[in-house]
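Fold and geometry: a report
Residue-level listing of the chains:
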Amino acid sequence: MVETSYIPKDLEEALRLRKETGAKPIAGGTDLMVAHRRGTGVVPKFPWPVMIVSQLAVFKGIRLEDGEVSIGAGCTCHEIEVSELVPWPVRMAASLMGAQSLRNLATIGGNVCNASPKADLPVPLLMLDARLELASVSGIRQISLNDFLVGPKKTALRDDELLMRVIIPAVNPAFTYLWYRKIGTRRANAISKLSLCAAITIDTEGMVTDFRSASGAAGPRIARNRMVEEMLIGIPITDIEERLPAFLDAYDGILAPQAMPEYRRSSTRRMLEHFLRTAVTRPAHGIIE
Amino acid sequence: MVREIQFRLNGKDVSVICDPLKRLLDVLREDLGMVGTKEACGEGECGACSVLRDGAIVTTCMIPMGAVQGCEITTIEGLRETERGKCLIEAFADGGAVQCGFCIPGMVIAAESLLASNPHPTNEQIRHGISGNLCRCTGYDLIVDSIRLASERGNGLW
Ligand SMILES: Cc1cc2nc3c(=O)[nH]c(=O)nc-3n(C[C@H](O)[C@H](O)[C@H](O)COP(=O)(O)OP(=O)(O)OC[C@H]3O[C@@H](n4cnc5c(N)ncnc54)[C@H](O)[C@@H]3O)c2cc1C
Ligand code: FES
Ligand code: FES
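What comes next is a walk through the structure. This structure is a prediction, so every number in the text was calculated from the model and none was measured.

Section: the site of ligand 1
Lining the immediate surroundings of ligand 1 are 31 residues, of which Pro-25, Gly-28, Thr-30, Asp-31 and Thr-107 of chain A lie closest. Residues within reach of ligand 1 are spread across chains A and B. Side-chain polar atom of Asp-120 of chain A to a nitrogen atom of ligand 1: 2.8 Å apart, as the coordinates give it. Burial of ligand 1 by the surrounding chains reaches 95%, relative to a free accessible area of 990 Å². Looking at the shell around ligand 1, the elements with two or more residues in it are strand S2 (24-26), helix H6 (108-114) and strand S10 (162-168) of chain A. In terms of residue count, the dominant contributor to the shell around ligand 1 is H6 of chain A (5 residues).

Listed below in structure tokens is the structure:
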């Protein structure tokens, strides 16, 4: 008989169940348990078999490996926000998700695999060129987050795979200035209305050697475009002002907000303008507010 | 399909035979009689169903029983027997924080969770600490004052 739910005792069993039954993992359950709830006293019902994986230690742990930060798929937003190994924009995004009670349950694996264009963690992760490690009974593979997020609620996860960890490559030299902002409604239920993560690197000669920017909840996918970023790379920081209008128009072109498009477009423009203009003044502090 | 799930509830070992997908909230209220844990929204937004799991605040309407095996759960019924719980409940009563009372068990759990990590929070930190808990009656001011009162009176408890 095919069971409706499993509690695998280790990774091997979880991968075998995934392969043989197609069971979907429940990590924190904050997306799945809510989406499939049926009311007071009634057991939630899922259209496919599920397996509870929150107890598996193999999905836990935040480590530094060869200069890269490895975050287990089962790490909670709370564990991420308090970890000094994790890059600032990811910690910041984790700390602004829901209330403490949500952050104690919600995992990075669930946030990434749910593939909502409004999910918060993929925004800084995409900006940081994060990769994912996926495992199945046939082995392990890595894929960039950009390739993994195929579209709204669509990922490149195969039916026999589980996400093991998120890997954030080292940034060398470090970014000079960073920005993260999330515009939500009620804090504890702040499914993002809009978010923006940006970073710029300026060398000792005052040249911009790197610039990146990603937008959440501003279209069916998290928006990032290397060609648009390159409009500001390789120029003296003092030239930013004159490049700004063309850059802002090009960035606007990669956004595709459905609801309240003017608001999302103009807020994004103002945030980018503020971040870049502040960077030009070369403040001492690396995090721009 | 049912399974036996063992965990600690308010300091005692308990064992429940249930569907592993049944919500912890329903098991607490229906199977174990811990009706201090309330259900309002059922979707993680109001905090009425908050308990401590291994010391960390969580909303039980989103937790399947299969994820509770081996955990230590503290509900308001357990917290109120402790010195900290007594201090909080007295402060809530003295501070006039309770109107209909429905949100209060969750508020007290949130206050405990906050004070455990920050024994002397500012008003803003208190508001942040209870931001996952909705109250339809009080407008929050008296709840915030009461948590500050508990933090002053309970000097050394947290
Ligand atoms: C009140 C409330 C507030 C919220 N606020 C925010 C917010 O501010 N920002 C935000 O981005 N989100 C928010 N969310 C949404 C949700 O909490 C997050 O998306 C969370 O990170 C999901 O993680 P989880 O572990 O709970 O996922 P689950 O519900 O357990 O799983 C989500 C999906 O991921 C899959 N999955 C999980 N782990 C793995 C794995 N290891 N391998 C493969 N697939 C996996 C599951 O099968 C499922 O499809 C909120 C939700 C609620 C209820
Ligand atoms: S009933 Fe669980 S958060 Fe509202
Ligand atoms: S006192 Fe009534 S909901 Fe808070």
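Overview of the pairing of strand S5 (residues 68-72) of chain A
Of all 5 residues in S5 of chain A, 4 are buried; the element is thus mostly enclosed. Counting the residues that bridge the hairpin from strand S4 (residues 62-65) of chain A to S5 of chain A gives 2 residues, and of these Asp-66 of chain A lies at a positive phi of roughly 50 degrees.

What to know about the interface of chain B and chain A
Interfaces are often described in size by the accessible area the parts lose on coming together. Taken residue by residue, the interface counts 30 residues in chain B and 32 residues in chain A. Across the interface of chain B and chain A, roughly 2600 Å² is buried in total on both sides, 60% from carbon and sulfur atoms. Summed over the shared surface of chain B and chain A, the number is 1 salt bridge. Close ionic contact of Glu-43 of chain B with Arg-37 of chain A constitutes a salt bridge, the shortest N to O distance being 2.4 Å. Our count for the chain B to chain A interface comes out at 5 residue pairs in polar contact (both at pLDDT 80 or more). The set of elements that each furnish at least two residues to the side of chain B that touches chain A consists of helix H1 (24-31) and strand S4 (56-59) of chain B. For the side of chain B that touches chain A, the element with the highest residue contribution is S4 of chain B, accounting for 4 residues. When the residues that make up the side of chain B that touches chain A are grouped by side-chain class, the tally is 12 nonpolar, 8 polar and 10 charged.

Brief notes about helix H4 (residues 88-95) of chain A
Among the residues of H4 of chain A, those classed as buried are Pro-89, Val-90, Ala-93, Ala-94 and Ser-95 of chain A. On the buried face of H4 of chain A, the contacting elements are helix H3 (77-81), helix H5 (100-103), helix H7 (122-127), S10, strand S11 (177-183) and strand S12 (194-202) of chain A.

Side note on the sheet that holds strand S3 (residues 50-52) of chain A
Residue and element names in this part refer to chain A. Spatially, the 3 strands line up as an open sheet ordered S1-S3-S2, and their pairing is parallel. The open sheet has two edge strands, strand S1 (5-6) and S2, and neither has a second partner. Across the sheet, helix H1 (residues 11-21) is in contact with S1, S2 and S3; its angle to S3 comes to roughly 170 degrees.

Parameters at a glance
- Residues numbered from 1 in each chain as written.
- Chains lettered and ligands numbered in written order.
- Predicted model: local features only at pLDDT ≥ 70, side-chain atom pairs only at ≥ 80, totals over all residues.
- Heavy atoms only, no water.
- Near = heavy atom within 4 Å.
- Polar contact = N/O pair within 3.5 Å; in protein donor to acceptor, adjacent residues only side chain to side chain.
- Areas by Shrake-Rupley, 256 points an atom, 1.4 Å probe, with all protein chains shown as cover.
- Helix = DSSP H or I, 4+ residues; strand = E, 2+ residues; numbered from the N terminus.
- Buried < 20%, exposed > 50% of the residue type's maximum accessible area, 1.4 Å probe, protein only.
- Pairing = 2+ DSSP bridges.
- Contact = heavy atoms within 4.5 Å.
- Buried area = accessible area lost by both parts, 1.4 Å probe.
- Salt bridge = Lys/Arg side-chain N within 4 Å of Asp/Glu carboxyl O.
- Nonpolar A, V, L, I, M, F, W, Y, C, P; charged D, E, K, R; others polar.
- Axes fitted to C-alpha atoms, helices over the stretch in contact; angles between N-to-C directions.

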